[in-house]
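Spelled out, the chains give:
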Amino acid sequence: MRSTPLLTWLIVCYAFLYAPIGFLIAFSFNAARLVTAWSGFSFRWYVTLAHDPQLITATLLSLRIAAASATLALLVGTLSGYALARFGRFRARAAFAAAVAAPLVLPEVITGLALLLLFVALEQAIGWPAGRGATTVTLAHASVSVAYVAVVVRARLADAGTLLEEAAMDLYATPFVAFSLVTLPLMAPALAVGWLLAFTLSLDDVVVASFTSGPGASTLPMVVFSLTRLGATPEIYALATVIVAVVAAILLVVARMQSSAGRRDAE
Amino acid sequence: VLALPWAWLGLFLLVPAAIVLKISLAAPADAVPPYSALLRWGGAWLPRVALHLDSYALILGDPLYLRALLLSVKVAGIATLVCLLAGYPMALAIAQAPERYRNALLLAVILPFWTGLLQDDGWVNSALVALGLGAHRLLYTDTAMYLGIVYTYLPFMVLPLYARLTRQDPTLLEAAADLGAAPWSAFWRVTFPLSLPGVWAGVLLVFIPAVGEYVIPELLGGPQAQLVGRVLWEEFFANRDWPMASALAVALLVLLLIVPGGIWRLAGRHLARRHLAQQYLSRRGV
């Protein structure tokens, strides 16, 4: 059943999703400072961007936080997803599943506020973490991303089934050997996707970071947010164009990995 | 294996929730941290508990807060509806596309989401301005805010719907057609009811974060768009009234538990009815 109205609607929706991005890429090459009138092609905003110490510092900080929090989330999230997919019915499983999934649906302002209050209370009680900054933002992002990693890992393990692991056990593999030689490779694509998901989530977040960060530790989204509040500039557009390009590249790599994993499964 | 996730969840989910609840019951104070202690060691052996319900009284008493909560629910509700109406045909179209295009189409839906939160607000509004949709009059209006929210959350609606729709057995539609159903009635009586779990999932994934949204109303909405996320932010950062912000968070959470609870119950009743119908059919040997 192919229908023209549906296809038309799909095109309209993609136009809705991509018109702003196209516009932004186009105007990042605008020669003038205005973002509404075209006045010639130029790379000048990319040059300005490359020489803006505030944005560069913030970018480096954001990348560091994103990498650290994604790695942390990968560790905890993988264990959680593995437990949910493979442990059958364990004690308080429902509570565990709900607790793992909660950050997916909690509004960011609540997560941010709650984590900040936790860090403040911890600092008063045991003196760690001393003040707020990159460390607290990293922990906060990790605690949000755990949910995403767990969902991805769990779905992958549920799809893969337990057949291969059972076969390995039948062939006298110890549980540890079966895990590292069978389960881990099975999970690998999900681990990569989960890590990247956590990484991009951290790189995108304004609200949680604003709550849990301290003076001198402004992440890139925080800086962009405060700049955008004053009005969009071509420099921000240039930055956004770079980010779109990077994310598109990452997504393509992930898609490749997933489809090749799918093909391996099929074989 | 479970110990680490449990410890992590306890530390970063349960303890913060308890702290928020605790601080929401304290009084604001001009100190660091800016709230009063709940337990005081008085003259007696027992600690005296000093509960302050002032923040909650203010939420219920001052129309500003109630209006913010209601407005947030309204905005999120409308945005969710628009996402559903726009996203359902999208998901259907992608699910019906030839298989080799599906992943690419899906990826194209996700891309703006992954680059989105950071810049969409800035770029949506400028794009709308540039495309001449009402020129500068559109910025800082409710329309701009709704467009921004729909733009940001549309993928959250499309993904669960798509997942559900692709899992459907296409022979069901053929059977409906063989039995003389027009495509439209086959859709309403077969495809749509079977996709309902996806609909509920999408509605929850859009509605709940949208209720607490801060960034979009702040950047695109006008000063009249005082959504609860914005009010909470103001209380916390501008007024430094931590107990009030915490109380708002608790109120929002309670609200969010009630609304999805209602949705779950509706969904549950619906699923239960279908289950009964299936049992009936199987008993009749169908």
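Right above here is the structure, for reference.
Residues numbered from 1 in each chain as written. Chains lettered and ligands numbered in written order. Predicted model: local features only at pLDDT ≥ 70, side-chain atom pairs only at ≥ 80, totals over all residues. Heavy atoms only, no water.

S.K.: Help me understand the overall build of chain A, please; the structure alone is not making it clear to me.
M.R.: Counting secondary structure elements, chain A contains eleven helices and zero strands. Each helix (α) and strand (β) of chain A, taken in turn from the N terminus, gives the series α-α-α-α-α-α-α-α-α-α-α. Taken across its 267 residues, chain A has 50% of its residues classed as buried. A sequence separation of at least 24 residues applies to 68% of the contacts in chain A between residues at least 6 apart. For chain A, the accessible surface area stands at approximately 12,400 Å², while carbon and sulfur atoms represent 70% of it. Separation between the mean location of the 15 positive side-chain charges and that of the 12 negative ones in chain A comes to 3 Å. (Helix = DSSP H or I, 4+ residues; strand = E, 2+ residues; numbered from the N terminus. Buried < 20%, exposed > 50% of the residue type's maximum accessible area, 1.4 Å probe, protein only. Contact = heavy atoms within 4.5 Å. Areas by Shrake-Rupley, 256 points an atom, 1.4 Å probe, with all protein chains shown as cover. Lys, Arg positive; Asp, Glu negative; His and termini not counted. Charge placed at Lys NZ, Arg CZ, Asp CG, Glu CD.)

S.K.: Where do I start with the interface of chain B and chain A in this structure?
M.R.: Buried accessible area, meaning the area lost when the parts come together, often serves as the stated size of an interface. With 73 residues of chain B at the interface, the matching set in chain A holds 73 residues. Of the roughly 6,900 Å² buried where chain B meets chain A, counting both sides, 84% is carbon and sulfur surface. For the interface between chain B and chain A, the tally reads zero salt bridges. Across the chain B-chain A interface, the total number found is three residue pairs in polar contact (both at pLDDT 80 or more). The biggest single contributor to the side of chain B that touches chain A is helix H4 (residues 99-130) of chain B, with 21 residues. Here the side of chain B that touches chain A is composed, by residue class, of 63 nonpolar, nine polar and one charged. (Buried area = accessible area lost by both parts, 1.4 Å probe. Salt bridge = Lys/Arg side-chain N within 4 Å of Asp/Glu carboxyl O. Polar contact = N/O pair within 3.5 Å; in protein donor to acceptor, adjacent residues only side chain to side chain. Nonpolar A, V, L, I, M, F, W, Y, C, P; charged D, E, K, R; others polar.)

S.K.: Any chance you could explain unusual backbone geometry here in plain terms?
M.R.: Trans peptide bonds make up the majority, and among non-glycine residues the majority have a negative phi. Backbone geometry places Tyr172(A), a non-glycine residue, at a positive phi of 70 degrees. Tracing the chain through its elements places Tyr172(A) in the loop between helix H7 (163-170) and helix H8 (175-204).

S.K.: Sorry, what's going on with a nonpolar patch on the surface here?
M.R.: Judged by side-chain polarity, Trp38(A), Phe41(A), Phe43(A) and Val47(A) come together as a nonpolar surface patch covering roughly 470 Å² of accessible area. Under the relative-accessibility criterion, Trp38(A) is labelled partly exposed at 48%. (Patch = residues over 30% accessible without salt bridge, like charges linked within 9 Å, V, L, I, M, F, W, Y side chains within 5 Å.)

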